[in-house]
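Residue-level structural notes
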Amino acid sequence: RAPPSPFGMSTFTKACQQWDDANARTEYLSSLQSIFNTFQTRSDETAAQLELYEVFRGILEGKIKFVDISSSLPDIHSWEPNLSRALCDSISDVLWILGEEILDSSSPLNANNQSKPAFTSLIKDLLKSNVIQENVLRERLSEEALQEAGLIKSAQDARNKLQRVRTGKVYSQQKFNLLREESEGYSKLIVDLEQATLNEANVERVANNIQSLIAYFKLDPNRVLDLMLDCYEANLTCTAYQRLIVRFSRTSLVQVLAFKLQVYQGRGSGTPPSLLALTARLAKAGLLDVGEVYGHLEPSDESGLERAQAWWEATILTVKRMRVFATNKDKEEEGRDKEREAGVRWEEGREQKLELIAAALDADDWASAERLLDALAPVLPATYPRVARSLCASPSRLIEPLYRRVQAPAPHVPPVLHPCP
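To start, this report covers the structure provided alongside it.

**Some remarks on the overall build of the protein**
Within the protein, the secondary structure is distributed over 22 helices and zero strands. Buried residues in the protein amount to 39% of all 421 residues. When the accessible area of the protein is evaluated, it comes to approximately 24900 Å², of which 53% is carbon and sulfur surface.

Below is the structure:
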């Protein structure tokens, strides 16, 4: 049994013996009300829990009735959320202990036939009095206690459902088993993706077919996304692919695209312009953010700055050589200067960050291009040939639609007829 509460008042057992005395009953109820107030001051909550245990056990044993203490119960809706939660937690812990005692065959509460109905009535009265919340009880009480309290229909069904949830969260395989894939599914997938009639009108039908293929042939969704990106890269004018790509998670899209970009890092051929154009179009459509792939591009900001500085120095040296004509310069020294200039030239295709700026400008995505220009400002990205060409072409693309509406039609020039020999 719990020790007596150290509140300086009579214990619950002594109060029950004097329950017929109105003054003693009023004194204990006032003390009980002060117990609930301790949860507002957050002082001596353990002693309060012990006294609540005595009170609720007395109700289950039939010594007092719930209506006798209802006047001392607080309305938690008028409390602050954290204080009301503390009271709910304490009462739930007390009810959990009593529920386990009722289910324990060696406990006196289990031998009392009136304990289970009284336990159910106690919980219903507490819920009706707004002293505790049902969702807190569902978290704390065991399945058997919830069944006895009438909050669930079957403890066994609740355990089975909880076991299924735990199995799904803990034991589900996160990586796809590639050995179960069937190659026939990829052949049918390519047919759907590469059809010349893919457009906004039939993209929903194609999307449903792709979902069916993934499920029926157990295809890896990431590999399906990879093939979809390849098809979009080969036909960038078909915006219907964006309606298919948006069905995949943003995280998977960034991971697959970053892997495709990393494949070309360190290669002499450089990154294909079509892949960078694909990235720019996806960013313009809002399917990803350039900041999400920025960290996967090469070179790093420090390495890029070193390359730019070397290129600037070589450019200055070239200008100086053009302005100064020396007849007595050593040929060997002149050869070293030329090798130095040739070794620090911009290697177009290998500067992925600068190439992505050019691709964003070509796709008329000024928002992404501006962010990249600001991030690479120390490198002076406008000195990169491809970025410079794209920047120069951007005003023409912006003005051309306006100029097309007001330009005069081209004069008709009659064909020149040459006489037959």
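On we go from here.
**Points about unusual backbone geometry**
Residue proline 299 follows glutamate 298 across a cis peptide bond; omega there is -5°. Note on placement: proline 299 falls in the loop between helix 17 (290-294) and helix 18 (301-323). Backbone geometry at lysine 218 places phi at a positive 55°, although glycine is not the residue there. With respect to the helices and strands, the residue lysine 218 is situated in the loop between helix 12 (203-216) and helix 13 (221-234). Look at lysine 218 and you get partly exposed, because its relative accessible area is 30%.

**Regarding the side chain of aspartate 192**
Relative to the assigned elements, aspartate 192 resides in helix 11 (residues 183-193). Although buried, aspartate 192 forms no salt bridge, and the nearest oppositely charged side chain, arginine 205, lies 5.3 Å from it. Apart from the residues within four sequence positions on either side, aspartate 192 is in contact with Val206, Asn209 and Leu213.

**Focus: the packing of aromatic side chains**
By the definition in use, this model includes two aromatic pairs. Ring plane angle 80° and centroid distance 4.9 Å describe the contact between tyrosine 216 and phenylalanine 217, whose orientation is recorded as edge-to-face.

**Considering the pattern of salt bridges**
For the coordinates displayed, the defined rule picks out 18 salt bridges. One salt bridge in this structure joins glutamate 204 and arginine 243, with 2.9 Å as the shortest N-O distance. Placement of glutamate 204 in helix 12 and of arginine 243 in helix 14 (residues 240-245) is noted, with a sequence separation of 39 residues between them. A relative accessible area of 32% means that arginine 243 is categorised as partly exposed. Arginine 386 is the partner of aspartate 362 in a salt bridge, and the nearest nitrogen-oxygen pair spans 3.2 Å. You can see aspartate 362 sitting in helix 20 (residues 352-362) and its partner arginine 386 sitting in helix 22 (residues 385-406), a full 24 residues away along the chain. You can call arginine 386 buried: its relative accessible area is 16%. What you see here is one network of salt bridges that share partners, running through Glu355, Asp362, Asp364, Arg386 and Arg397.

**Describing the packing of helix 20 against helix 21 (residues 366-375)**
Orientation of helix 20 relative to helix 21, taken along the N-to-C sense of each, is 155°, at an axis distance of 8 Å. Classified by the angle between their axes, helix 20 and helix 21 sit roughly antiparallel to one another. When the axes of helix 20 and helix 21 are compared, the crossing they make is left-handed. On the side of helix 20, the interface is formed by Leu356, Ile357, Ala360 and Leu361, while helix 21 contributes Trp366, Ser368, Ala369, Leu372 and Leu373.

**Re a nonpolar patch on the surface**
A cluster of nonpolar side chains, Leu398, Ile399, Tyr403 and Val406, forms an exposed patch at the surface whose accessible area comes to about 460 Å². On the accessibility criterion, valine 406 (65% relative accessible area) is exposed.

**Some thoughts on the packing of helix 13 against helix 16 (residues 273-284)**
The geometry of helix 13 relative to helix 16 is characterised by a closest axis approach of 9 Å and an angle of 105° between their N-to-C directions. Our classification of the angle between helix 13 and helix 16 gives roughly perpendicular. Contacts from Leu229, Tyr232 and Glu233 of helix 13 reach helix 16 at Ser274, Leu275, Leu278, Arg281 and Leu282. Partitioned by chemical class, the residues of the contact of helix 13 with helix 16 number five nonpolar, one polar and two charged.

**Quick notes on the side chain of aspartate 365**
Here aspartate 365 lies in the loop between helix 20 and helix 21. The charged side chain of aspartate 365 is buried without a salt bridge, its nearest counter-charge being lysine 284 at 6.9 Å. Aspartate 365 has contacts with Ala280, Ala283, Lys284 and Ala360, leaving out every residue within four places of it along the chain.

**Remarks on the nonpolar core**
The biggest cluster of nonpolar side chains holds 57 residues, and the ones touching the most others in it are Ile210, Met228, Tyr241, Leu244, Ile245 and Leu282. The residues touching methionine 228, leaving out its near neighbours within four places in the chain, are Leu193, Ile210, Tyr241, Leu244, Ile245 and Phe248. Counting 31 residues, the second-largest nonpolar core is a separate cluster that includes Leu52, Val55, Leu141 and Ile152.

**Details of helix 16**
Taking 1.5 Å of rise per residue, the 12 residues of helix 16 would be expected to cover 16 Å, and the 16 Å separating its terminal C-alpha atoms lies within 8% of that figure. Turning to helix 16, its buried residues number three or more, namely Leu275, Leu276, Ala277, Leu278, Thr279, Ala280, Leu282 and Ala283. Following helix 16 by one or two positions, glycine 286 adopts a phi angle in the positive range, close to 85°.

Parameters and conventions
- Residues numbered from 1 in each chain as written.
- Predicted model: local features only at pLDDT ≥ 70, side-chain atom pairs only at ≥ 80, totals over all residues.
- Heavy atoms only, no water.
- Helix = DSSP H or I, 4+ residues; strand = E, 2+ residues; numbered from the N terminus.
- Buried < 20%, exposed > 50% of the residue type's maximum accessible area, 1.4 Å probe, protein only.
- Areas by Shrake-Rupley, 256 points an atom, 1.4 Å probe, with all protein chains shown as cover.
- Lys, Arg positive; Asp, Glu negative; His and termini not counted.
- Salt bridge = Lys/Arg side-chain N within 4 Å of Asp/Glu carboxyl O.
- Contact = heavy atoms within 4.5 Å.
- Phe/Tyr/Trp six-rings, centres within 6.5 Å; stacked < 30°, edge-to-face > 60°.
- Axes fitted to C-alpha atoms, helices over the stretch in contact; angles between N-to-C directions.
- Parallel < 35°, antiparallel > 145°, perpendicular 65-115°, else oblique.
- Left-handed = near helix turned anticlockwise from the far one by under 90°.
- Patch = residues over 30% accessible without salt bridge, like charges linked within 9 Å, V, L, I, M, F, W, Y side chains within 5 Å.
- Nonpolar A, V, L, I, M, F, W, Y, C, P; charged D, E, K, R; others polar.
- Core = buried A, V, L, I, M, F, W, Y, C linked by side-chain atoms within 4.5 Å.
- Expected span 1.5 Å × (residues − 1).

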